[in-house]
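Tertiary structure, described
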Amino acid sequence: MLKGVNRQILEVTNTENPYFERVIFFVKPEYRNEERSKLKREAEALCTAVQKPPRQKRTKKELAGIITKGVLFTLTGMALSYLLYAIL
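Residues numbered from 1 in each chain as written. Predicted model: local features only at pLDDT ≥ 70, side-chain atom pairs only at ≥ 80, totals over all residues. Heavy atoms only, no water.

1. Description of the overall build of the protein chain
Broken down by element type, the protein chain carries two helices and two strands. Reading the secondary structure of the protein chain in the N-to-C direction produces β-β-α-α. A buried classification covers 10% of the 88 residues belonging to the protein chain. Expressed as a percentage of contacts within the protein chain between residues at least 6 apart in sequence, the contacts between residues at least 24 apart total 38%. Total accessible area computed for the protein chain in this model is approximately 8,800 Å², and 58% of it derives from carbon and sulfur atoms. (Helix = DSSP H or I, 4+ residues; strand = E, 2+ residues; numbered from the N terminus. Buried < 20%, exposed > 50% of the residue type's maximum accessible area, 1.4 Å probe, protein only. Contact = heavy atoms within 4.5 Å. Areas by Shrake-Rupley, 256 points an atom, 1.4 Å probe, with all protein chains shown as cover.)

Below is the structure:
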């Protein structure tokens, strides 16, 4: 929350990003007198340059662990099902 702050802000509503609806930029005091169109152009360029972070790739070791756990849980479920079937 901002209290008692007098700043020039620029709001970009067309972010072309599925995650964000709008972006608010706070203009530095030394650039307060710049042309509005130039500030808007810079803000929009920055919004389009920022993209979704790259998807984190899993290592072979992590994939092997996931597959191993999946197989073990499946076998455990099958064994428990067989034991319950045999008892009943």
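2. Description of the pairing of strand S1 (residues 9-12)
Of the two faces of S1, the one lined by Leu10 and Val12 is fully buried and the one lined by Ile9 and Glu11 carries no buried residue. Pairing analysis gives four bridges linking S1 to strand S2 (residues 23-26), with the strands arranged antiparallel. Bridged to Ile9 within S2 is Phe26. (Pairing = 2+ DSSP bridges.)

3. Quick notes on the environment of Phe25
By the element assignment, Phe25 lies in strand S2. With 13 residues separating them along the chain, Phe25 and Val12 place their C-alpha atoms 8.0 Å apart. Ignoring sequence-local partners within four residues, the contact set of Phe25 consists of Gln8, Ile9, Leu10, Val12, Ala43, Leu46 and Cys47.

4. Quick notes on the nonpolar core
Counting seven residues, the largest nonpolar core is built from Leu10, Val12, Phe25, Val27, Leu39, Ala43 and Cys47. Those elements that provide at least two residues to this core are S1 and helix H1 (36-49). A per-element tally of this core places H1 first, with three residues. Setting aside its immediate chain neighbours within four residues, Leu39 contacts Gln8, Leu10, Val27, Tyr31 and Glu34. (Core = buried A, V, L, I, M, F, W, Y, C linked by side-chain atoms within 4.5 Å.)

5. Let's talk about a nonpolar patch on the surface
A surface patch of nonpolar side chains, amounting to about 660 Å² of accessible area, comprises Leu80, Tyr82, Leu83, Ile87 and Leu88. Mapped onto the secondary structure, Ile87 falls in helix H2 (residues 60-87). (Patch = residues over 30% accessible without salt bridge, like charges linked within 9 Å, V, L, I, M, F, W, Y side chains within 5 Å. Salt bridge = Lys/Arg side-chain N within 4 Å of Asp/Glu carboxyl O.)

6. Things to note about the layout of surface pockets
Of the voids in this model, the largest pocket is the one considered here, and its volume is about 280 Å³. For the lining of the largest pocket, the elements supplying multiple residues, two or more each, are S2 and H1. Classifying every residue of the lining of the largest pocket gives eight nonpolar, no polar and four charged. (1 Å grid on protein atoms, 1.4 Å probe; cavity = no way out; pocket = protein on both sides within 12 Å on 5 of 7 lines; lining within 4 Å. Points joined across faces, edges and corners; volume = space filled by probe spheres on them. Nonpolar A, V, L, I, M, F, W, Y, C, P; charged D, E, K, R; others polar.)

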